[in-house]
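Structural characterization, general
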Amino acid sequence: GDATLTFLSLNNNQIDDEGVQVLTEALQSNTSLDTLMIARNDGISKHGMKILLKLVNDVSSIKATLQSNHTLRNLQVKEINHNELDPDPHEEIKRHIIIAAGINRNNGSDPEAAGIEKVIQTQLHSETRAVLCRLQGIDRSLYSEIDPLHLPEVLSLIAQRHGQGELYAAVLS
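Let me begin by describing the structure that accompanies this report. Note that the coordinates shown come from a computational prediction; the quantities given were computed from them, not determined experimentally.

Observations concerning the nonpolar core
- One finds L36, I38, L72, L75 and I97 to be the most contacted residues of the largest nonpolar core, which totals 27 residues.
- Elements with a contribution of two residues or more to this core: α1 (17–27), α2 (46–56), α4 (88–106) and α6 (126–136).
- In this view, L72 contacts L27, N30, L33, D34, T35, L36, L55, V56, A101 and N104; residues no more than four positions away in its chain are not counted.

Considerations on the sheet that holds strand β1 (residues 7–9)
- If you walk across this open sheet you meet the three strands as β1-β2-β3, and the pairing is parallel. What marks the edges here is a single partner per strand, and that holds for β1 and β3 (74–76). This sheet shows a mean twist of 0° between the axes of neighbouring strands, independent of strand direction.
- Sheet topology places strand β2 (residues 35–37) next to β3; three bridges connect them, and they run parallel. Considered in β3, the bridge of M37 is made with Q76.

So, how was this worked out
- Each chain carries its own residue numbering, running from 1 in the written order of its sequence.
- Reporting of local features is limited, given that this is a predicted model, to residues whose pLDDT is at least 70; pairs of side-chain atoms are given and counted only at 80 or more, and all residues count toward the totals for whole chains, interfaces and linings.
- Side-chain measures here rest on the full set of heavy atoms in the structure, leaving out hydrogens and waters.
- The term nonpolar core refers to a set of buried residues drawn from Ala, Val, Leu, Ile, Met, Phe, Trp, Tyr and Cys, joined through side-chain atoms within 4.5 Å.
- Partly exposed residues are those whose accessible area sits between 20% and 50% of the maximum for their type, while under 20% is buried and over 50% is exposed, using a 1.4 Å probe and protein chains only.
- Each helix corresponds to a stretch of at least 4 residues labelled H or I by DSSP, and each strand to a stretch of at least 2 residues labelled E; elements are numbered beginning at the N terminus.
- Any two residues whose heavy atoms approach within 4.5 Å are treated as being in contact.
- Two strands pair under a simple rule: DSSP has to find at least two bridges between them.
- Interaxial angle, 0 to 180 degrees, is taken between N-to-C directions of lines fitted to C-alpha atoms, where a helix line uses only the stretch in contact.

Rendered as structure tokens:
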């Protein structure tokens, strides 16, 4: 029969940022691997963690978010060494990777629904989008991408899911 890989443990494999880049390129169109364990690889720096974050939730555009990997439901990433001088950015990146994998998990076997939920939770929430843009080095407005004919629907969705304060922030941007 057909054998598909659903679980991959690469813990303790001396993987570095270059290895993460190769791995994420292969996983971009993945539709079967739902668990990736890549902890205890000391060569993975903050840059490598950002590459993993972009794999599961690329906020460079709405289209990029919709095309992110929505199959990885369990992603165990680098464990943080708290003796580092600057551990907080790693923790923040790790937290957003876990959130994106959780959205994948919550949407079961429906990658399209996971993509839409990521857009709603991250692209249409100004604070979350600002954090993810900072982490991914993105500096452009989301609303320039949206067809003006769809803007009323988008603003209505923001108000329904995130409240009036977030709607006000969206209108101001």
